[in-house]
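Overview (structure and organization)
Each chain, letter by letter, is given below.
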Amino acid sequence: MRKTLLAANWKMNKTAAEAEAWLEAFYPLEAEKAAADGLVEVAVCAPFTALYPLHRGLKKKNSVVELGAQNIFWQERGAFTGEISAEMLLEFQTKYVICGHSERRVLMQESSETVSRKCGAAAKAGMVPIICVGESISVRRGGLLKQWLEAQLYESLTFWDNQQEIVLAYEPVWAIGTKSAATTEDAQEACGYIRQILRERAGDLADDIRILYGGGVTPENIGGLLICDDVDGALVGGSSLDPVGFDKIVMAAVQLKTKK
Ligand code: PGA
């Protein structure tokens, strides 16, 4: 049974003070209780500077919301200016680490090899990497979706030992930052491929791996995505910045899952 995961990806948004204000507003809403009842899992992948205040705030409230980071470096410590280690993230009980978001792959030229090292370091340290894969519009139009996902997945998972917990996120680049997500059919097709590829690599363990959909998720379209057999949650960017909007997304997932 794969527990639905709704993960906020704040990207480069929110100062420490704004993160605290978000938590103050989100905590009393319905999502916290639903997560505490075990119906879904909720995580916030925040900028590094917001991790400590969020950790402190979540602990004080006894919240079940999990923390996530948006990047990690694979070395334990040393002369790596500007990078962050697993130990530094674990200090604040960071559970998840986004690895290989398309914005990093494109803007920071992160290769799948780099992504695989990050994924391996996070998993080895006991965190759960959220590994992002997804195609550009030209790849999709060229009919190369399956090959693209296959290559990205294989190359990004080199350092994964098949047993460590990981989460995949299918994020079509063309849907990110829009308000229109992939259709139900497109999301299922891609997430179905991803599970098939994971099965080739890890056998039946693939059935335990959660695959999220990300890109243009809103409270209005989340329902159409979560009905897919192979979509086990969402990675939510823009719509997670507003606590009320993110609460609506979590509660739409709760309603759907309790009906299923
Ligand atoms: P979006 O971003 O929800 O703003 O499209 C999702 C993501 O890039 O993770």
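Presented here is an overview of the structure given in this document.

What counts and how
Residues numbered from 1 in each chain as written. Predicted model: local features only at pLDDT ≥ 70, side-chain atom pairs only at ≥ 80, totals over all residues. Heavy atoms only, no water. Pairing = 2+ DSSP bridges. Helix = DSSP H or I, 4+ residues; strand = E, 2+ residues; numbered from the N terminus. Axes fitted to C-alpha atoms, helices over the stretch in contact; angles between N-to-C directions. Contact = heavy atoms within 4.5 Å. Parallel < 35°, antiparallel > 145°, perpendicular 65-115°, else oblique. Left-handed = near helix turned anticlockwise from the far one by under 90°. Nonpolar A, V, L, I, M, F, W, Y, C, P; charged D, E, K, R; others polar. Near = heavy atom within 4 Å. Polar contact = N/O pair within 3.5 Å; in protein donor to acceptor, adjacent residues only side chain to side chain. Areas by Shrake-Rupley, 256 points an atom, 1.4 Å probe, with all protein chains shown as cover.

With that settled, the discussion passes to the sheet that holds strand β1 (residues 5-9). Here 8 strands make up a closed barrel; going around it, the order is β1-β2-β3-β4-β5-β6-β7-β8 and the pairing parallel. Pairs of neighbouring strands in the sheet enclose a mean axial angle of 25°, with direction left out of account. This element, helix α3 (residues 48-61), spans β2 (41-45), β3 (66-69) and β4 (94-99) of the sheet and lies at about 170° to β3. Lying on the sheet, helix α9 (residues 184-202) is in contact with β5 (128-133), β6 (167-170) and β7 (210-214); it crosses β7 at an angle near 150°.

It is worth spelling out the packing of helix α8 (residues 145-156) against α9 at this point. Running from N to C, α8 and α9 cross one another at 45°; their axes reach a closest spacing of 10 Å. For the element pair α8 / α9, the angle class is oblique. Handedness of the crossing formed by α8 with α9: right-handed. Residue-level inspection shows Leu-145, Lys-146, Leu-149, Glu-150, Leu-153 and Tyr-154 of α8 in contact with α9, the latter providing Glu-189, Ala-190, Tyr-193, Ile-194, Gln-196, Ile-197, Glu-200 and Arg-201. Counted by class, the contact of α8 with α9 contains 8 nonpolar, 1 polar and 5 charged residues.

This part is about the packing of helix α6 (residues 112-124) against α8. The interhelical angle for the contact between α6 and α8, taken along N-to-C directions, is 45°, at an axis separation of 7 Å. With respect to α8, the axis of α6 lies oblique. Mapping the contact onto sequence places Ser-112, Glu-113, Val-115, Ser-116 and Cys-119 in α6 and Gln-152, Glu-155 and Ser-156 in α8. In terms of residue class, the contact of α6 with α8 is built from 2 nonpolar, 4 polar and 2 charged.

Our next topic: the site of the ligand. Neighbouring the ligand are 13 residues, the closest being Lys-11, His-101, Glu-171, Gly-177 and Gly-216. Contact between the ligand and His-101: an oxygen atom at 2.6 Å from a side-chain N or O atom of the residue. Contact distances for the ligand include 2.8 Å between an oxygen atom and a backbone N or O atom of Gly-216. Against a free-state accessible area of 280 Å², the protein chains account for coverage of 96% of the ligand. Partitioning the shell around the ligand into residue classes produces 4 nonpolar, 7 polar and 2 charged.

Our focus in this paragraph is the side chain of Asp-230. Mapped onto the fold, Asp-230 is located in the loop between α10 (222-226) and β8 (233-236). Within the local environment of Asp-230, its side chain forms a polar contact with the side chain of Gln-188, the two groups lying 2.8 Å apart. Only 2.6 Å separates the side chain of Asp-230 from the side chain of Arg-195, close enough to count as a polar contact. Look past the residues within four positions of Asp-230 in its chain and what remains in contact with it is Arg-2, Gln-188, Cys-191, Gly-192, Arg-195 and Ile-211.

Geometric values such as these leave the question of function open.
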